[in-house]
Amino acid sequence: MHSATDQHSNITRSEQLQTQPLDVLVIGGGIVGAGVARDAAMRGLRTGLVEQHDFASGTSSRSSRLLHGGMRYLAQGRVGLVWEASKEKTVLRRIAPHLAEPLEFIFPTRQANGWPRWKLGLGVKLYDLLCGVGKGGGSGSMGVAETLRRVPGLNGEQLTGAVRYHDALTNDSRLVLDTINSAVQHGAVACNYVKLLDATREGDRWRCELEDRRNPALLVVQARSVVNATGPWSDKLPNSETSLRLTKGVHLVIDRARLPMDDAVVLAEGSRILFVIPWGERVILGTTDTDYRGQLDNPPCDPEDVSYILQVVNDAFPAAKLTPQDLVSTWSGLRPLVADKNGNPSDISRRHKIAMSHAGWWDVTGGKLTTYRLMGEETVDAIVRFLGAKAAPCRTATTPLVERGPRGELGDATSCSGILPPPVSAAAVSRYCRLEAARHLDDVMIRRSSWRHYYRNHLELAGNVSRWMASELGWTDAETELELKRYRGLTAHSPIVGTTAPAPDVQLR
Ligand SMILES: Cc1cc2nc3c(=O)[nH]c(=O)nc-3n(C[C@H](O)[C@H](O)[C@H](O)COP(=O)(O)OP(=O)(O)OC[C@H]3O[C@@H](n4cnc5c(N)ncnc54)[C@H](O)[C@@H]3O)c2cc1C
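These numbers were taken from a predicted model, which means no experiment stands behind them.

Draft legend 1. Quick look at the overall build of the protein. Helix and strand counts for the protein come out as 13 helices and 19 strands. Looking at the protein as a whole, 48% of its 509 residues are labelled buried. Sequence-distant contacts, at least 24 apart, represent 73% of the contacts inside the protein between residues at least 6 apart.

Draft legend 2. Inspection of helix α8 (residues 372-387) at higher detail. Taking 1.5 Å as the rise per residue, α8 with 16 residues should run 22 Å; its terminal C-alpha atoms sit 22 Å apart, in good agreement. Taken together, the buried positions of α8 are occupied by Tyr-372, Arg-373, Leu-374, Met-375, Gly-376, Thr-379, Val-380, Ile-383 and Val-384. In this fold, the buried residues of α8 make contact with β1 (24-27), α1 (31-42), α3 (79-95), β11 (226-228), β18 (352-358) and β19 (361-366). Remark: Gly-388 follows α8 within two positions and exhibits a positive phi of approximately 65 degrees.

Draft legend 3. Expanded view of the sheet that holds β18. With respect to topology, 6 strands assemble into an open sheet ordered β7-β2-β1-β11-β19-β18, the strand pairing being mixed. Strands at the two margins of the open sheet, each flanked by one partner only, are β7 (189-192) and β18. If you compare each strand with its neighbour and ignore which way they point, the axes differ by 20 degrees on average. With 3 bridges connecting them, β11 and β19 associate as parallel partners. By the bridge assignment for β19, Val-227 is matched with Trp-362.

Draft legend 4. Local environment of the site of the ligand. Not every one of the 39 residues close to the ligand is listed here, only the nearest: Gly-28, Gly-30, Gly-58, Gly-231 and Gly-249. Where the shell around the ligand is concerned, the elements lending two or more residues are α1, β2 (47-51), β8 (194-202) and β17 (327-338). Element by element, the count of residues in the shell around the ligand is highest for β17, at 4 residues. Each of domain 1 (4-60 + 174-243 + 344-387) and domain 2 (245-333) accounts for three or more of the residues forming the shell around the ligand.

Draft legend 5. Geometry of the packing of α1 against α8. At their nearest, the axes of α1 and α8 sit 8 Å apart, and the two run at 50 degrees to each other. Taken together, the axes of α1 and α8 lie oblique to each other. Classified by chirality, the crossing of α8 by α1 is right-handed. Here Ile-31, Val-32, Gly-35, Val-36, Arg-38, Asp-39 and Ala-40 of α1 lie close against α8, whose contacting residues are Tyr-372, Arg-373, Met-375, Gly-376, Glu-377, Thr-379, Val-380 and Ile-383. Residue classes in the contact of α1 with α8 are distributed as 8 nonpolar, 3 polar and 4 charged.

Draft legend 6. Examining the sheet that holds β8 more closely. Read from one edge of the open sheet, 3 strands run β8-β9-β10, paired in antiparallel fashion. Of all the strands in the sheet, just β8 and β10 (217-223) have a single pairing partner and so form its edges. Recorded for the sheet is a direction-independent mean angle of 20 degrees between the axes of neighbouring strands. With 7 bridges joining them, strand β9 (residues 205-212) and β10 adopt antiparallel strand pairing. In the sheet register, Asp-212 faces β10, and the bridge partner there is Ala-217.

Calculation notes
Residues numbered from 1 in each chain as written. Predicted model: local features only at pLDDT ≥ 70, side-chain atom pairs only at ≥ 80, totals over all residues. Helix = DSSP H or I, 4+ residues; strand = E, 2+ residues; numbered from the N terminus. Buried ≥ 20, exposed ≤ 12 C-beta atoms within 10 Å, placed from the backbone. Contact = placed C-beta atoms within 7 Å. Expected span 1.5 Å × (residues − 1). Pairing = 2+ DSSP bridges. Axes fitted to C-alpha atoms, helices over the stretch in contact; angles between N-to-C directions. Near = placed C-beta within 6 Å. Domains from an automatic or database assignment. Parallel < 35°, antiparallel > 145°, perpendicular 65-115°, else oblique. Left-handed = near helix turned anticlockwise from the far one by under 90°. Nonpolar A, V, L, I, M, F, W, Y, C, P; charged D, E, K, R; others polar.

Next up, the structure:
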């Protein structure tokens, strides 16, 4: 049985998918699926979305959390890609200011490391032209003394100075959840823990077999079009014509006191770059980029991933002497790169691809968090053309993700959705259960609140959160214990060993 709270939820019950044939059924509740569903619903199409686990549980809660044009792509001369993402960055600042915080990046330059200051200096000026000059001012270059002042503890060896530019910080899983909430407010039916098992073309419709995994049941849904937005899973879906190559990217979280940065710092490592990103009282370090062939649900963060990142950061900040004991948290995500027939990432690997592989079946792959809205718009444009449907024009670039109050204020909806975690409280947990379909302890601790990644004492917090969830969702003691066991299992991957410099424990309210 669905819990009583479902009647209050923004996110809808799986039975509602069956009430009438859908115009669009979106498979996958990551950022791409969320963006397609919101756009389709806002244009008046009958829209459903199903996610096999929790919303945002795939790559879309495991990114670097940046809204960026991509300085790296500029270095590769891919100006079109940067231009596209830059425009979308501006759109997101407009429609979701609570999830787009301007951030200055300092990119230190060194002798003979392949990233000369003059070249990067030109690059950031071009970046300004493409991205526009935001609130933080334009980009620029700085000498050695200023670089060392702005980036305390930076290794001064062979330093030639630095360039600075601007991008923005977001919260990936909150962007997914707020987009899905908005889709539902515009009439979509969105269900987590519902998996597509099979889909066959019957006449002018797709007959889709779905498994409701919370209340074990098989559902059959008719849809005039289906969108495969399953990221790293997209070559596994029936009817998919996608070919992928997956690479793994790991992030580490440490205390900000260990690397007291005001700005984000870019570290060059051969042809790759890694980021040091301030995040409230913490700092995010990452990422790696290694080929991956393992299981998709919860890719591991291996000790060698940790060593690699810590080595790059310790080389740049020798006095920090970071060790695995400094880690507050880690996460690991999979890049679904579009591959050619031989499995090599193709030219368009970092761009997105929208292909109608069969009549009414779209495979949507690649892209990035920053460009999700555009991917949604282009996909729904194609669906509207195919269906010959009368649909309203796309409004996703101008309609705020979270509706504002009468005086333009963002209000209650953003009290539990932002770049930093909200205070740990029963009220926030209640909201996540009632309005955002949180069903498991990890739904709240990891994706809705980020408390798992922010607080070293997350296991203790999870004990309290599980009791609050139990009272919201009617769990028995045995169910509560099972949830805690599941949570401990999911978070046990981490190679964190002990603690030397504990992050301040959070006070419960
Ligand atoms: C390490 C890393 C760092 C990144 N950093 C950035 C960044 O800073 N900025 C940026 O713009 N982009 C970044 N990206 C890229 C961005 O995160 C991804 O492009 C994006 O999250 C992919 O979203 P998606 O919806 O395609 O896939 P996902 O988020 O993986 O969603 C696919 C969903 O489909 C579901 N699913 C699969 N099979 C089924 C089924 N049969 N039925 C129902 N549901 C199913 C899965 O459970 C999953 O939740 C990064 C990526 C990585 C890996």
